[in-house]
Amino acid sequence: MIKIKNFFLKVPKWLYYVIPAFILALVLSLAASNANGFAEWYSCNVYPVFVNTVGRLSSVVPFSVCEILLYLVIIAAAVGAVLSVIFLVRGKGRRKKLLMRILSVILCFAVSVYLAFTLLCGINYYRTPFSVVSGLDADTYTVQDLADLCVYLMVNTNEAAKNIETDETLTVRLGGKLDLQSECVKAMEKLGEEYNSLAGFYPNAKPVLASEGMSCIRILGMYAPFTVEANYNVNAPDFAKPFTVCHELSHLKGFMREDEANYIAFLACIGSDNEYLNYAGWIYALLYAANAFYSAAGEEAYLQLMSYADEKVIAELNANSVYWKKYETPVAEVAAAVNDTYLKTQGQTDGRRSYGRFVDLMIYRLKSVTQDP
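This one's a predicted model, so the numbers in the text were calculated from it and none came from an experiment. (Residues numbered from 1 in each chain as written. Predicted model: local features only at pLDDT ≥ 70, side-chain atom pairs only at ≥ 80, totals over all residues. Heavy atoms only, no water.)

Visitor: For this particular structure, what's the right way to read the overall build of the protein?
Guide: Broken down by element type, the protein carries 17 helices and 3 strands. Counting only contacts in the protein whose residues sit at least 6 apart along the sequence, the fraction spanning at least 24 positions is 76%. Accessible surface for the protein amounts to roughly 19600 Å². Of this, 63% is attributable to carbon and sulfur atoms. (Helix = DSSP H or I, 4+ residues; strand = E, 2+ residues; numbered from the N terminus. Contact = heavy atoms within 4.5 Å. Areas by Shrake-Rupley, 256 points an atom, 1.4 Å probe, with all protein chains shown as cover.)

As structure tokens, this is what we get:
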């Protein structure tokens, strides 16, 4: 009995946090991926508590809290590394103690990040897909189905283009025309009236100060789980911003799959009362579908499709291509590879290609609409 007591007295106190926290995160992760119904129950009953507490608190300020915290962590890590080297050089007889202290800080931070990610994001990857919630039946489709979708999207995109104002380049410049955050929240709340799983509180999306950095790695938006925030790239083409914000807000309802976040954003935008959100929804969907059609049917068929596009649509898509072309760099390739690996570790086995399943969902939706009596 005395030996056991002495053993516990010798165990570093920080391990009393690290070990239980790691075990808790691991057990929750395993339960989410293996226990039927656990992830869905958690997403519907526990995760909303974090959205309504942490999300509400971070929503009070107009800037991205997560971005600022990231900068502080980087600064703290740099300062800590320098001080650690200095103390280790000067410490001599205390080096072992100093190394243990450094190790304790690193492990406590790493485990805290793992636990927070699990609670605020990781479990949600295994919840019931929105395609099931919305009653879409996954099925194979033909090139003709894809062509029908493109025609449907083209007609609606051209119609939406008539209702928006553009500059001399025929592209959208939102400026003071749209309260982006407010209108996107309204659109998501309206969609929540149709789908109960999307109902409830939505915080304002946050513009990122380092948006140029986001463009360099070809990212339009990002869900920040540690502060429960939806962040977006302010430098990106304006036509894409409403869609991006709605996409990121969908993650705050526990739908982490990228294809489904795109689909939810599409529904929110085309169902909005705002003409700029309507346009964003239709043209962004067309962009995805037309690219898929190009791969499936070839250049000639693609060019024939695009010959029916409104001049505003053509100008917008060309400007979008020009914008992202300058960011085709090795850095962007590395970022894409990292994102691909991340998505695969979270159960999306096809990685970045999961974004493309957005087209599948739109085809299933179109089929369901046209087959209704």
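Visitor: In this structure, what is going on with the layout of surface pockets? I would like to understand it.
Guide: Regions of empty space are outlined by a rolling probe, equal in size to a water molecule, passed over the atoms. Volume-wise, the second largest pocket comes out at about 430 Å³. If you trace the second largest pocket, you find 14 residues lining it, with Gly80, Ser84, Ile102, Val105 and Ile106 closest to the centre. Per-element tally for the lining of the second largest pocket: the top contributor is helix 5 (residues 65-91), with 8 residues. Partitioning the lining of the second largest pocket into residue classes produces 11 nonpolar, 2 polar and 1 charged. (1 Å grid on protein atoms, 1.4 Å probe; cavity = no way out; pocket = protein on both sides within 12 Å on 5 of 7 lines; lining within 4 Å. Points joined across faces, edges and corners; volume = space filled by probe spheres on them. Nonpolar A, V, L, I, M, F, W, Y, C, P; charged D, E, K, R; others polar.)

Visitor: Honestly, helix 8 (residues 143-161) in this entry has me stumped. Any pointers?
Guide: In an α-helix, one turn spans 3.6 residues; hence positions three or four apart end up facing the same way. Counted at 1.5 Å a residue, the expected span for helix 8 with its 19 residues is 27 Å, and the 26 Å between its end C-alpha atoms agrees. Taken together, the buried positions of helix 8 are occupied by Asp145, Leu146, Ala147, Leu149, Cys150, Leu153, Met154, Thr157, Asn158, Ala160 and Ala161. (Expected span 1.5 Å × (residues − 1). Buried < 20%, exposed > 50% of the residue type's maximum accessible area, 1.4 Å probe, protein only.)

Visitor: Help me understand the packing of helix 3 (residues 38-45) against helix 4 (residues 47-58), please; the structure alone is not making it clear to me.
Guide: When two helices pack together, their arrangement is captured by the angle between the axes and the distance separating the axes. Between helix 3 and helix 4, whose axes approach to 3 Å, the crossing angle comes to 30°. With respect to helix 4, the element helix 3 is oriented roughly parallel. Along the contact surface, helix 3 presents Tyr42, Ser43, Cys44 and Asn45, while helix 4 presents Tyr47, Pro48, Val49 and Phe50. Within the contact of helix 3 with helix 4, the residues separate by chemical class into 6 nonpolar, 2 polar and no charged. (Axes fitted to C-alpha atoms, helices over the stretch in contact; angles between N-to-C directions. Parallel < 35°, antiparallel > 145°, perpendicular 65-115°, else oblique.)

Visitor: How should I be thinking about helix 2 (residues 15-34) in this particular structure?
Guide: Given a rise of 1.5 Å per residue, 20 residues ought to cover 28 Å, and the 28 Å separating the end C-alpha atoms of helix 2 matches this to within 8%. When we look at burial in helix 2, the residues that qualify are Val18, Ala21, Ala25, Leu28, Ala31 and Ala32. The secondary structure elements touched by the buried residues of helix 2 are helix 3 and helix 6 (95-120).

Visitor: Would you take a moment to explain the pairing of strand 3 (residues 229-232) for this structure?
Guide: Working note: regular strand, side chains alternate between the two faces of the sheet. On strand 3, burial covers both faces: Glu229 and Asn231 on one face and Ala230 and Tyr232 on the other are all buried. As judged from the 2 bridges shared by strand 1 (residues 206-207) and strand 3, these two strands associate in the parallel manner. Counted as the bridge partner of proline 207 is tyrosine 232 from strand 3. Here 4 bridges tie strand 2 (residues 221-224) to strand 3, and the two strands are oriented antiparallel to one another. Residue pairing for strand 3: alanine 224 is matched across the bridge by glutamate 229. Linking strand 2 to strand 3, which pair antiparallel, is a turn of 4 residues; within it valine 228 sits at a positive phi near 50°. (Pairing = 2+ DSSP bridges.)

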